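Residue strings, one per chain:
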Amino acid sequence: MVKLTREAVVAEALDLLDEVGLDAVSTRRLAKRLGVEQPSLYWHFRKKEELLGAMAEVAMAPHAAVPLPQPPDDWRTWFLENSRSFRRTLLLRRDGARLHAGVSPAGADLERLGHKMEFLLVSGVPERDAQMAMLAASRFTVGSVLEEQAETALGDSAERAGDIPPIEHESAFEEGLALIVDGLARRVGELS
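In this text the structure is predicted, and so the values were computed from the model without any measurement.

Cut-offs used in this document
Residues numbered from 1 in each chain as written. Predicted model: local features only at pLDDT ≥ 70, side-chain atom pairs only at ≥ 80, totals over all residues. Heavy atoms only, no water. Helix = DSSP H or I, 4+ residues; strand = E, 2+ residues; numbered from the N terminus. Buried < 20%, exposed > 50% of the residue type's maximum accessible area, 1.4 Å probe, protein only. Contact = heavy atoms within 4.5 Å. Areas by Shrake-Rupley, 256 points an atom, 1.4 Å probe, with all protein chains shown as cover. Lys, Arg positive; Asp, Glu negative; His and termini not counted. Charge placed at Lys NZ, Arg CZ, Asp CG, Glu CD. Core = buried A, V, L, I, M, F, W, Y, C linked by side-chain atoms within 4.5 Å.

**Topic: the overall build of the protein**
Here is step 1 of the chain: Along the backbone of the protein there are 10 helices and 0 strands.
Here is step 2 of the chain: Of all 192 residues assigned to the protein, the portion counted as buried reaches 34%.
Here is step 3 of the chain: Considering only contacts within the protein whose residues lie at least 6 apart along the sequence, 73% involve residues at least 24 apart.
Here is step 4 of the chain: For the protein, the accessible surface area stands at approximately 11,700 Å², while carbon and sulfur atoms represent 55% of it.
Here is step 5 of the chain: The average position of the 23 basic charges and that of the 31 acidic charges among the side chains of the protein differ by 6 Å.

**Digging into the nonpolar core**
Here is step 1 of the chain: With 20 residues, the main nonpolar core has L51, M55 and L99 as its most contacted residues.
Here is step 2 of the chain: Breaking this core down by element, the ones donating at least two residues are α1 (6-20), α2 (27-34) and α4 (48-59).
Here is step 3 of the chain: Top contributing element to this core by residue count: α1, with 6 residues.
Here is step 4 of the chain: Filtering out sequence-adjacent residues up to four positions away, L51 remains in contact with V9, V10, A13, L30 and F45.
Here is step 5 of the chain: One finds W78, M117, V125 and A133 within the second-largest nonpolar core, a separate group that totals 17 residues.

Dropping the structure here:
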């Protein structure tokens, strides 16, 4: 019998997520896929919330692997690409935005966030503005992806009221993101 590792549990849980969606992910279903009894999972994760947190961390690995900004980099260019990378990563997994929502950064993610904040400060962005811009961009990105994934899940059954045209999600995201960056640039005094 193969030893069940934490990494194997998370990998299988993410595969299950992609197949059935977040609402249908259960420890019972996961144990069955792994060919173990449900209590075996508790060796690695005491609660389902711990498993979901580990899944979210692994799901965000592509974004976490992006090189951190360095002082010669333009903060606006970096800010835009950082948000785009975050969006792309959330879209890699079914219900990626829902999985990530509410997860607080810890460990290496917290260190990366600290580095990003320090970069913005060195680039001349006031601390409070940098904090609020990072928070606004993060929540805007999660919300945008959440709406996009919900619409995708509904597929053709989604009804639009009246004359509301369909949303082209990527261009809507880009326009909203530009508003955040332009607003921050105004606060920094780079735009009049």
